[in-house]
Amino acid sequence: MNEKNILKRITYYMNPKHIERKMVYLWIFWIIFNVVLFFIPHSVSKGTFWILVPMAGLFIYAHVTKDVMQSLLMGTFSMYILWYKTGMIGHFFEDCETVLADPENIEMYMSFFLCGGLIIALKRSGATKAFSEFVTQKFGGSEKIINGTAGIYAGIMSIDDYVSALTAGAAFSSLIDKIKKPRLALAYVIRTFSICISAMLPFGAWGYFIIFQIADAKNVTSRAQATHIFMQSVPFMFYAIVSCVIAFAFAMNWIPRVGPMKKAYELIEKGIQMGDLEGSSEEKEAREEEDFDETDPRKQHISVWNLLLPMIVIAVALIATGLNCFLAFGITVFFTAALYIFQGIMTIGEYVQCIVDGFIDMVDMVIILMIGYTMQEVMYTMGMETFVKGVCGAIPIAALIPVLLYLVFSFTEFLYSLNYTLYQIALPVMLVVLPTLGANVPLCIGAIISAGLFGSHACVVSDLGIISARACRVTVYEQYRTSLPYVFLAGAISAVFYLIAGFVF
């Protein structure tokens, strides 16, 4: 449009004739949806199912736009409209400030930034290429071996699920590219093993956090008792167990490729990498800085230990620092700097630039997580804890409690994955309520943990979904869409197990 007048430009570009039809319908729905939310009084929304309604809107918005950042932001505003009405903007920025000032969140954000820099350093140094060549020489170009090894590696490294997903994606995606197979398949395998194994380990990031939440219950007297309860619940984490079995069977080609995943395999035969991050709305063009310069003589004949040693240091540092990811990554960044600079692989300036570029590469992911945590703030204010208590009290038969808890929280987590916040809110309350209902406590705890894992696996805006997609260089939405049939399969089988276990145990 050749026009500088602001009003004329607004009139032109806001004309429905100049807007994609599906977006016109979406915005009509969205405006009506938020007007309805605005007029819902606090007495109706406090501690009730209305807490979940904005998340349903977010789900619809995400499926239409296929844009995670935009969807999450709009869904968060809907939540603030529902609760704060005309004061939504002020309270939104107040909560943003709270989230940004939280020490644990700061540690997490900085961990991502440092990990982003480390991943770029691993790529530019030629370490990931050396690892690819090593695995190819040992095992050949078998997709089964690559995906299976990636799953095992992700499981071993899942002492922290973020570390596992980020490093596994960086190490194995180049191998998948070399044999011309879909990166989306790799992303599914890595994501599954990263979250599921981490939740079953008492020293894994998820397991360690869950033990802390169990210890917060009024009827739990010590950390040792909390650990005992957690260990009792591990055999009942059916979703984690079933998902790992299905993902490994997928990696070994023992189960067929179906739905969008099948399409990804069909497209790769035509030379098209479905969900490729390059050229997508998430990344307009791949950054040249991340590419390995094969012509650089300093990066020739690089040992595979240049990748393995930093991975070992991460694992050791995580254990030594009590799972302090920021400190562990900081130690590894300094170790890797010395390793590469002393070998002449990089100069100090080049290594520092890797860290800077890694920060830049992780900014959008950190913003998405920040918005998500802001939404959690208002959900807690609206009475999410009261809602959880109400759900438990409404279940009449004790044997049905495990499966109903699993189904209800799987549904809420599917709409919007709260991840750790679900455990923060639900577990301390459940441990007090469940014994009064005559329920099997370890079984129910396993069901709640499984619901959180299902949400982290199935939700389109899950933080680990974002991380594993970024690590494998695929778009978040395509990774979500292609893995969904397998996630639902694991979820359905787990539901049957909880139904049976409720009457058996």
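Trainee: Tell me what's going on with the overall build of the chain, and back it up with residues and numbers.
Mentor: Along the chain, the regular secondary structure elements total 24 helices and zero strands. In terms of overall dimensions, the chain has a C-alpha envelope of 70 × 70 × 45 Å along the principal axes. Split into buried and exposed, the 505 residues of the chain put 57% on the buried side. For the chain, restricting intrachain contacts to residue pairs at least 6 apart in sequence, the fraction spanning at least 24 positions comes to 79%.

Trainee: I'd like to hear about the packing of aromatic side chains, residue by residue, with values.
Mentor: One pass over the full model with this rule turns up 28 aromatic pairs. Above the plane of the ring of F250 lies R257, whose end atom (NZ or CZ) is 3.8 Å from the centre.

Trainee: Give a detailed account of the environment of M430, specifying residues and quantitative values.
Mentor: For M430, the position within the fold is in helix α21 (residues 420-437). Judged by relative accessible area, M430 falls into the buried class, the value being 0%. For the pair M430 and Y486, spaced 56 residues apart in the sequence, the C-alpha separation amounts to 29 Å.

Trainee: Can you lay out the confidence of the model for the chain for me, pointing to particular residues and giving the numbers?
Mentor: The predicted model of the chain has a mean per-residue pLDDT of 84, with 93% of residues at 70 or higher. Per-element confidence in the chain is highest for helix α14 (residues 238-251), whose mean pLDDT is 96, and lowest for helix α8 (residues 127-139), whose mean pLDDT is 72. Segment residues 284-290: pLDDT under 50, and 14 contacts once partners within four positions in sequence are set aside and those in other chains are kept.

Trainee: Describe in detail the packing of α14 against helix α22 (residues 441-458), supporting the description with residues and values.
Mentor: In a pair of packed helices, the angle between the axes and the distance between the axes together describe the arrangement. Interaxial distance between α14 and α22 falls to 7 Å at its minimum, and their mutual angle equals 45°. Classified by the interaxial angle, the pair formed by α14 and α22 is oblique. Residues F238, Y239, A240 and S243 of α14 form the contact with α22, whose own contacting residues are L443, S450, L453, F454 and H457.

So, how was this worked out
Numbers given for residues are sequential positions, taken from 1 along each chain in its written order. A pLDDT threshold of at least 70 governs which residues receive local features in this predicted model, and a stricter bar of 80 or more applies before side-chain atom pairs are shown or counted, although totals over entire chains, interfaces and linings include all residues. For side-chain calculations, the full set of non-hydrogen atoms in the structure is used, while hydrogens and water are omitted. A run of H or I in DSSP counts as a helix once it spans at least four residues, and a run of E counts as a strand once it spans at least two, with each numbered from the N terminus. Here's how the labels work: a residue is buried when its accessible area is under 20% of the maximum for its type, exposed when over 50%, partly exposed in between, all with a 1.4 Å probe on protein chains only. Pairs of residues are marked as contacts when any of their non-hydrogen atoms sit within 4.5 Å. Ring geometry is summarised as follows: Phe, Tyr and Trp rings, the Trp one being its six-membered ring, pair when their centres sit within 6.5 Å, and such pairs are stacked at plane angles under 30 degrees, edge-to-face over 60 and tilted between the two. Look at NZ for Lys and CZ for Arg. If either is within 6 Å of the ring centre and within 35 degrees of the ring normal, a charge sits over the ring. Every residue is assigned a pLDDT by the predictor, reflecting its confidence on a scale from 0 to 100. Only the stretch in contact is used when a helix axis is fitted, and all axes are lines through C-alpha atoms; the angle between N-to-C directions ranges over 0 to 180 degrees. Should an angle lie under 35 degrees it is considered roughly parallel, over 145 roughly antiparallel, and from 65 to 115 roughly perpendicular; all remaining angles are considered oblique.

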